Amino acid sequence: MCVFCKGDLKESRTIHTVNINDCIIIIKNVPCMECSQCGEVYFNDDVLEKIEDIIAQVKNVLSEITVIDYNKQVA
Ligand SMILES: [Zn+2]
């Protein structure tokens, strides 16, 4: 259940944006649970871990805007 509105969560995919040192990392197709009422997005621990891996991998080669597909990353 959504912690904000107690709405039902449904499986979805989202675009996750991270801001590091004035650079933006955009990760597409991130699996998530999305609230069907307010649209709040939740990630499970595995996904959060993988997002951190992705950020660690691209951190050294950051351009101003980096766009990555979640599914193309090998953890
Ligand atoms: Zn909600």
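For the structure, see preceding data.
Keep in mind the model is a prediction, meaning the values are calculated, not measured.

A. Up close: unusual backbone geometry. Although it is not a glycine, Asn21 sits at a positive phi angle of roughly 45 degrees. In this structure, Asn21 sits in the loop between strand S1 (9-20) and strand S2 (23-35). In this structure, Asn29 takes a positive phi of about 60 degrees despite not being glycine. Here Asn29 lies in strand S2. Judged by relative accessible area, which is 30%, Asn29 ranks as partly exposed.

B. Spatial organisation of the coordination of the zinc ion. Only Cys2 (SG), Cys5 (SG), Cys35 (SG) and Cys38 (SG) from the protein reach the zinc ion as donors, at distances of 2.2 to 2.3 Å. Viewed at the metal, the four donor atoms of the zinc ion are separated by angles of 98 to 118 degrees, and the geometry they form is tetrahedral. Between consecutive donors of the zinc ion, the numbers of intervening residues give the motif C-x2-C-x29-C-x2-C. Of this pair, Cys2 sits in the segment before S1 while Cys35 sits in strand S2; the two residues are 33 residues apart in sequence, bridging distant segments of the chain. Neither Cys2 nor Cys35 differs from the other in exposure class; each is buried.

C. Geometry of the side chain of Asp69. Checked against the element boundaries, Asp69 lands in strand S4 (residues 65-69). No salt bridge is formed by the buried Asp69; its nearest oppositely charged neighbour, Lys72, is found at 4.4 Å. Within the structure, the side chain of Asp69 is placed 2.9 Å from the backbone nitrogen of Asn71, a separation counted as a polar contact. Non-local contacts of Asp69, meaning those with residues more than four positions away in its chain, are made with Lys28 and Asn29.

D. The arrangement of the packing of aromatic side chains in detail. Tallied over the full model, the rule gives zero aromatic pairs. Cation over ring: Lys50 sits above Tyr70, and NZ or CZ is 4.4 Å from the ring centre.

E. Region of interest: helix H1 (residues 45-58). Look at H1: 20 Å from first C-alpha to last across 14 residues, which is about the 20 Å you get at 1.5 Å a residue. Turning to H1, its buried residues number three or more, namely Val47, Lys50, Ile51, Ile54, Ile55 and Val58. Along the axis of H1, the buried positions cluster into a sector of 145 degrees, meaning they face one direction only. For H1, the exposed residues set more than 90 degrees away from the buried face come down to Asp45, Asp46, Glu49 and Glu52. Contacts from the buried residues of H1 go to S1, S2 and S4.

Procedures and definitions
Residues numbered from 1 in each chain as written. Predicted model: local features only at pLDDT ≥ 70, side-chain atom pairs only at ≥ 80, totals over all residues. Heavy atoms only, no water. Helix = DSSP H or I, 4+ residues; strand = E, 2+ residues; numbered from the N terminus. Buried < 20%, exposed > 50% of the residue type's maximum accessible area, 1.4 Å probe, protein only. Donors = N, O, S within 2.8 Å, 3.2 Å for Na, K, Ca; no water. Tetrahedral: all angles 85-135°; square planar, octahedral: opposite > 155°, others 65-115°. Lys, Arg positive; Asp, Glu negative; His and termini not counted. Salt bridge = Lys/Arg side-chain N within 4 Å of Asp/Glu carboxyl O. Polar contact = N/O pair within 3.5 Å; in protein donor to acceptor, adjacent residues only side chain to side chain. Contact = heavy atoms within 4.5 Å. Phe/Tyr/Trp six-rings, centres within 6.5 Å; stacked < 30°, edge-to-face > 60°. Lys NZ or Arg CZ within 6 Å of the ring centre and 35° of its normal. Expected span 1.5 Å × (residues − 1). Arc of directions from axis to C-beta.

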